Amino acid sequence: MRRCYAMTPAGGRGIALLLLALCAVWGVGPARAEPLAGGAGSYVLGMSADFSGQSRGLGVELYRGSVAYFTQLNRNGGINGRPVVLVTLDDGYQPEPAIRNTIDLMRRGDVLCLYGYVGTPTVTRILPLLGGGAGTAKPLFFPFTGAQPQREPPHSRNVFNLRASYRQEVAGLVDRFVSLGRKRIAILYQADAYGRSGWDGVRRALAAHGLAMAGEATYRRGAGFDASMDEQVRILARSRPDAVIAVGTYAPSAAFIRDARDAGLDVPIANLSFVGSENMLDLLALLGRERGRDYTGDLVNSQVVPCYEDMSLPAVREYRRAMDAVNPGPPEGAGPCPAPSRYSFAGFEGYLNAVVMAQVLRVLDENPALGLVGAAESVREMDLGIDVPVSFGPDRRQGLDRVYFTTVEQGAFVPVGEARWEAWRQ
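Residues numbered from 1 in each chain as written. Predicted model: local features only at pLDDT ≥ 70, side-chain atom pairs only at ≥ 80, totals over all residues. Heavy atoms only, no water.

*Asks:* Can you help me understand the packing of helix α2 (residues 56-75) against helix α10 (residues 314-326) in this one?
*Replies:* The contact between α2 and α10 brings their axes to 9 Å, and the two run at 80°. Overall, the two elements α2 and α10 adopt an arrangement that is roughly perpendicular. Residues R64, G65, A68, T71, Q72 and R75 of α2 touch α10, and the partners they reach there are A322, M323, A325 and V326. (Axes fitted to C-alpha atoms, helices over the stretch in contact; angles between N-to-C directions. Helix = DSSP H or I, 4+ residues; strand = E, 2+ residues; numbered from the N terminus. Parallel < 35°, antiparallel > 145°, perpendicular 65-115°, else oblique. Contact = heavy atoms within 4.5 Å.)

*Asks:* What should I look at first to understand the pairing of strand β13 (residues 404-409) in this one?
*Replies:* In summary, the side chains of a regular strand alternate between the two faces of the sheet. Most of β13 sits out of view: five of its six residues are buried. The sheet contact formed by strand β10 (residues 299-303) and β13 spans four bridges and is antiparallel. Looking across to β13, one finds that Q303 is bridged to Y404. Here β13 runs beside strand β14 (residues 412-415); their pairing, made up of four bridges, is antiparallel. Residue pairing in the sheet places V408 in a bridge with F413 of β14. As consecutive antiparallel partners, β13 and β14 are separated by two residues, and within that stretch Q410 has a phi angle of approximately 50°, a positive value. (Buried < 20%, exposed > 50% of the residue type's maximum accessible area, 1.4 Å probe, protein only. Pairing = 2+ DSSP bridges.)

*Asks:* What should I look at first to understand the nonpolar core in this one?
*Replies:* Generally speaking, nonpolar side chains in soluble globular proteins are found buried as a group. By size, the foremost hydrophobic cluster in this structure holds 123 residues, and its most contacted members are F141, I245 and M357. With near-sequence residues (within four places) excluded, I245 lies in contact with L173, V174, F177, I185, A186, I187, L188, V202, A270 and L272. Membership of the second largest hydrophobic core comes to 16 residues, among which are V87, L105, M106 and A134. (Core = buried A, V, L, I, M, F, W, Y, C linked by side-chain atoms within 4.5 Å.)

These values are about where atoms sit, not about what they do.
Below, the structure written as structure tokens:
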């Protein structure tokens, strides 16, 4: 397993330099935008995300996808000679550091805007700062969360979202399960703003069918794969669910799946896009090999980007080529990190975020009078190469609405076909 470490205090400086050198040899060192001759300065984007906590796999993969695109963009001249630089700060998926990071980024004169924040608990807390609460106003582009607060007034005017919302994800899952006769749907959710956002989405989706939740259980944010989910399993099993929707991150979600299967709760278990599919699958696959059983059956994950195995899509081919060519590592200062995924849903989303961000910057570069928000609002029917165009506007702050569904086959997440859905019919 590859690991890279941040710089240590003075006494361990030599060891830290050696480890950073090894990271560079392994190809997992920090990626930086390359300077370009003749440029009139850089377009600097500020990103606060989890690069050290329990959800660091999400932050690192989102970052790597964006860096893969921006690195190639810069090598080819950037935005009319101006490179795009991504400044990263670690918040550990905790609100207080995210607030401090945001204030620092917003007060920096070189940071054009905020970009690629990760997580509902962090994003919802920094929203009041965007309109000037930190002494200056800067918009946030493409946060990795499907929560509602940044999609609704008063904060929607300061945020551009690319991905579909959690409400859309859970509505798609609920609609599918109900159509298959699985009407007793229970929910496991993280006890914070992210979990409550998913809980509210499930409640709304079930109400549209005249149904209510069969059962619900929570867990505390920050729980790891070593946490016991036996009590949550017992609570939900008593509700006799036909399916469970988990609104969590990869480590606790994997722990719940492990304990549910060990307890004989063998109904379909669904997770949302934020879970970090590859990280969750890695944990379950390793455990399965150790115990000699399969923990990956009857899983379905909703996604907000197409599957990165769908080679019929131009964007998938371009993303995979960029990742292979650049092989970006985690950001500078990241904590101990596992070997990065070659491709991932979070990485693909980060790549698409960067593609759209670059288009916004091109418009701004050619029409400075529009301002950054005006440039973003002028993006209409942009072809991303995923068979769905992206559009923004004064009254449209979400570029995409489509939700995709994946399941595990032969050790990887793949699109759910109709035959697979039918296999879950009650």
